[in-house]
Amino acid sequence: MRTPDYGDPRLPARFWAKVQPEPNTGCWLWSAATMSTGYGAFGVTSKNIQLSHRVTYLTLVGPIPEGREIDHLCRQRACCNPAHLEAVTAQTNITRQPRVINARAASHCKSGHEFTPENTQWFSGGRNKPIRRRCRTCRLAMKRRDRERQKAEKLGRRIVAKRADFEAWLDRQEQATGRGGEQDVAS
Ligand SMILES: [Zn+2]
Ligand SMILES: [Zn+2]
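The residue count restarts for each chain, going from 1 along the sequence in the order it is written. Chain A is the first chain written and ligand 1 is the first ligand written, with later ones labelled in order. Local features in a predicted model are, by the rule used here, given only for residues with pLDDT of at least 70; side-chain atom pairs are given and counted only at 80 or more, and totals for whole chains, interfaces and linings are based on all residues.

Caption draft 1: Fine view of the overall build of the chain. Numbering of helices and strands starts at the N terminus; helices are DSSP runs of H or I of at least 4 residues and strands are runs of E of at least 2. When you go through the chain residue by residue, the secondary structure sums to 5 helices and 8 strands. Each helix and strand of the chain, ordered N terminal to C terminal, gives the series α-β-β-β-β-α-β-β-α-β-β-α-α. Counting other C-beta atoms within 10 Å of a residue's own tells you its class, since 20 or more makes it buried, 12 or fewer makes it exposed, and anything in between is partly exposed; those C-beta atoms are placed from the backbone. Within the chain, the fraction of its 187 residues that count as buried is 19%. Taking the contacts inside the chain whose residues are at least 6 apart along the sequence as the reference set, 47% of them involve residues at least 24 apart. We call two residues in contact whenever the C-beta atoms placed from their backbones are within 7 Å.

Structure below.
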């Protein structure tokens with residue numbers, strides 16, 4: 001999914017006026033009325049109140065698949081950044097709650113890159129897996145190292161293959177000239 005931008009024109013200006021981007025976490029926090037549950041409430045019309053994170057998801061991502069509900073990877077219920085939202089089964093949503101890693105603890109990754117919104121990827125390892133945060137810079141570096149290692153391995157295999165060819169070629173040369181290595185040594 002391409003990450004939608006804050007202020008995306010598919011939502012009206014009066015929606016964005018109520019959304020406060022949080023510079024450290026990348027959360028888009030709902031600054032207007034919230035439900036008792038902590039979710040943002042947006043009046044589509046005076047008689048149609050919708051949860052703000054569902055509004056961004058449905059508008060900027062797409063329909064919520066049957067039997068799924070929106071889970072906040074960032075655990076901020078007032079957040080409506082689609083990059084922090086995931087459509088999961090109700091069961092996954094419940095089982096995840098106590099297993100969430102405190103993603104807010106560190107401001108920098110182990111390699112010292114700052115967890116800015118641009119440098120932060122939220123992900124879940126799958127059903128019933130805890131939600132984690134990872135450093136985009138480190139992730140890209142890891143992918144680059146993987147590619148380089150694969151290239152080196154491929155080159156290594158080619159060299160081994162060539163060596164076998166070369167040995168076969170040497171054997172043929174010896175046979176063509178009618179003399180084997182051992183005879184040479186003996187004479
Ligand atoms: Zn968030
Ligand atoms: Zn890093």
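Caption draft 2: Up close: the environment of Asn24. If you trace the backbone, Asn24 turns up in the loop between β1 (19-21) and β2 (28-30). On the neighbour-count criterion, Asn24 (12 C-beta atoms within 10 Å) is exposed. Remark: the alpha-carbon pair of Asn24 and Glu118, spanning 94 residues in sequence, is separated by 9.8 Å.

Caption draft 3: Structural view of the nonpolar core. By our criterion, buried Ala, Val, Leu, Ile, Met, Phe, Trp, Tyr and Cys residues that link up through C-beta atoms within 7 Å make up a nonpolar core. Membership of the largest hydrophobic core comes to 14 residues, with the highest contact counts inside it found for Val19, Trp28, Cys79 and Cys80. Excluding anything up to four places from it in sequence, Val19 contacts Trp28, Trp30, Ser31 and Cys80.

Caption draft 4: The arrangement of the confidence of the model for the chain in detail. On a scale of 0 to 100, pLDDT captures the predictor's confidence in every residue. When the pLDDT values of the chain are averaged, the result is 83; 84% of them are 70 or greater. Element-level pLDDT for the chain is lowest in helix α5 (residues 181-186), with a mean of 50, against a maximum mean of 96 in helix α1 (residues 13-16).

Caption draft 5: Geometry of unusual backbone geometry. Although it is not a glycine, Arg75 adopts a positive phi angle of roughly 65°. In this fold, Arg75 is placed in the loop between β5 (68-72) and β6 (85-89). Judged by the 17 C-beta atoms lying within 10 Å of it, Arg75 falls in the partly exposed class.

Caption draft 6: Quick look at helix α2 (residues 52-61). Burial in α2 covers these residues: Ser52, His53, Thr56, Tyr57 and Leu60. Along α2, the residues classed as buried sweep out an arc of 135° about the axis, all on the same side. Buried residues along α2 sit against β2, β3 (41-45), β4 (48-51), β5 and β6. Of the residues one or two after α2, Gly62 is the one with positive phi, at around 150°. The directions from the helix axis to the C-beta atoms form the arc being described.

Caption draft 7: Representation of helix α4 (residues 136-176) in the model. Helix span is expected to be 1.5 Å times the residue number reduced by one. If you check α4, its first and last C-alpha atoms are 60 Å apart, about what 41 residues at 1.5 Å a residue would give, namely 60 Å. Where burial is concerned, little of α4 is hidden: 0 out of the 41 residues are buried. Downstream of α4 by one or two residues, Gly178 has phi in the positive range, about 75°.

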